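Structural description and commentary
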Amino acid sequence: MLPLQAVRSRLVSASHRQLYNLNKNRTFSTTSSNMVKVLAVLYKGGQAAKEEARLLGTIENSLGISEWLKKEGHEFIVTDDKEGPDSQFQNHIADAEILVTTPFHPGYLTADLIGKAKNLKLCVTAGVGSDHIDLDAANKKNITVAEVSGSNVVSVAEHVVMSILLLVRNFVPAHEQIVADDWNVAQIARNAFDLEGKTVGTVGCGRIGYRVLERLRGFNCKELLWFDYTDLPEDKKTPDFKRVDKLEDMLAKCDVVTINCPLHEKTRGLFNDEIISKMKKGAWLVNTARGAICDRNAVKKALESGQLNGYAGDVQPAPKDHPWRHAFNTLGGGNGMVPHYSGTTLDAQARYANGAKDIIQRYLAGKEQDPANLIVIDGDYASKAYGQREKKPTGQKPAGP
Ligand code: NAI
């Protein structure tokens, strides 16, 4: 077998090396020449993962990469234990070279932990959304962050459409009547509507937001609107979807608002009392992006006051006492919250497991990464999705869907 450096120089051209070569700062283990320590923080699958091997995002099935990594002579630590200084995550991060995390059980890589991670070179998000990593701190230490872009965007877009329908049509309380051996049509119909003729708007019109609008075409909505600081590529523009320049203007028109932008410093807490007050009274809000984009108390208050008729969330793990678990509209319905699973269907898991393996494989071989997967690299943002910055991103991640 060729030494790794020789393989690298054969595979990476000089011009590509400057932009993509993730190996350039690589430190080699003193014990085994090319051995790399890979740490993965995944969720526990328990009995379900034992019975269903396609649950690849679990610690039990470890993205399907365990045997491969070990055969290649690398160390692979997999854990779901991520909280506190004595956790496996915080212990192993000290000397891991590659960190694999998932938004479904996020290992929060804070600036403090990045400071302690002396060998860390590459963070791979198995899925989409790398807000659990302090991206500014990663930049300062020249750590590359990559995610499997596009891997679950169809899964989420379908979930958004489902959530819109179940809120607008008042599905959850209707179904609950059945399992409670009840039957009261009027009680449900008094708050059930058609989606046809309603205005729907997305905050963020990237891969997911655009796919949501595409899927809504068949419902004959009054208007399909989008708000995003990034324009659509020319070939994606259509008169069917209207851009609105100001978020508040879009909110004032929408019966349904769907949030499809990343969590970053400008979107954290964006849907607070004030912005929700700009929405149409009795609108429905669907948040499959990140919980922290919505202020938890503001959403609950808005449901209780009638400002919102419903909220459906598919976001990060919520503690048992989280107010959204028991937040209802004035009629006791309007709660479409589920555990964070929309982007982790079995189809999505196959795609993000393969994608994570591909990113690691490229890193180990010194090959260039797919530019669409890069979030930060070479001390700078490669993606335009994580906030507008003065300095232009290195522009590797194509804009738009
Ligand atoms: P993307 O990068 O293709 O698109 C995101 C878009 O949001 C970009 O066009 C960007 O310009 C825009 N944006 C950023 N800040 C904005 C702001 N303040 N206002 C309006 N637009 C803004 O990302 P993609 O694939 O569409 O995913 C979006 C987000 O959805 C992810 O970052 C993640 O947080 C979430 N997600 C959730 C999943 C789930 O399972 N619930 C799975 C996958 C993604």
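Bear in mind that the values here come from a model prediction, so they are computed numbers and not experimental data. (Residues numbered from 1 in each chain as written. Predicted model: local features only at pLDDT ≥ 70, side-chain atom pairs only at ≥ 80, totals over all residues. Heavy atoms only, no water.)

1. Looking at the sheet that holds strand E3 (residues 98-101)
Spatially, the seven strands line up as an open sheet ordered E2-E1-E3-E4-E5-E12-E13, and their pairing is mixed. With one partner strand each, in any of the chains shown, strand E2 (75-79) and strand E13 (380-381) form the two edges of the open sheet. Sheet analysis places strand E1 (residues 37-41) next to E3, joined by four bridges and oriented parallel. Note on E3: the bridge partner recorded for Ala40 is Val100. Running at roughly 165 degrees to strand E4 (residues 122-125), helix H15 (residues 346-365) makes contact with E3, E4 and strand E5 (144-147) of the sheet. (Pairing = 2+ DSSP bridges. Helix = DSSP H or I, 4+ residues; strand = E, 2+ residues; numbered from the N terminus. Contact = heavy atoms within 4.5 Å. Axes fitted to C-alpha atoms, helices over the stretch in contact; angles between N-to-C directions.)

2. Description of the UniProt feature "site: Important for catalytic activity" (unreviewed entry) in the protein chain
According to UniProt, the feature "site: Important for catalytic activity" (unreviewed entry) maps to Arg290 and His340 in the numbering used here. With the annotated positions falling across 51 residues, the maximum pairwise C-alpha distance of 9.6 Å places them together in a single cluster. In the annotation above, Arg290 and His340 are the residues that line the largest pocket. On the accessibility criterion, Arg290 (6% relative accessible area) is buried. In contact with Arg290, not counting residues within four places along its chain, are Pro103, Val128, Gly129, Asp131, Leu263, Val315, Gln316 and His340. From its side chain, Arg290 meets the backbone oxygen of Val128 in a polar contact 3.1 Å long. Examined against the element boundaries, His340 turns out to sit in the loop between strand E11 (308-313) and H15. Setting aside chain neighbours within four positions, we find His340 in contact with Pro103, Phe104, Arg290, Asp314, Val315 and Gln316. In this structure the side chain of His340 is engaged in a polar contact, spanning 3.4 Å, whose partner is the backbone oxygen of Pro103. (UniProt positions renumbered as here; feature names shortened; annotations may be inferred. 1 Å grid on protein atoms, 1.4 Å probe; cavity = no way out; pocket = protein on both sides within 12 Å on 5 of 7 lines; lining within 4 Å. Buried < 20%, exposed > 50% of the residue type's maximum accessible area, 1.4 Å probe, protein only. Polar contact = N/O pair within 3.5 Å; in protein donor to acceptor, adjacent residues only side chain to side chain.)

3. Remarks on the nonpolar core
Leu63, Leu69, Ile98, Val100, Val124, Ile360 and Leu364 are the most contacted members of the largest nonpolar core, which has 31 residues in total. The set of elements that each furnish at least two residues to this core consists of E1, helix H4 (66-71), E3, E4, H15 and strand E12 (374-377). Per-element accounting of this core gives the leading share, seven residues, to H15. Leu63 has contacts with Leu42, Leu56, Gly57, Thr58, Val100, Ala126, Tyr352, Ala353 and Ala356, leaving out every residue within four places of it along the chain. (Core = buried A, V, L, I, M, F, W, Y, C linked by side-chain atoms within 4.5 Å.)

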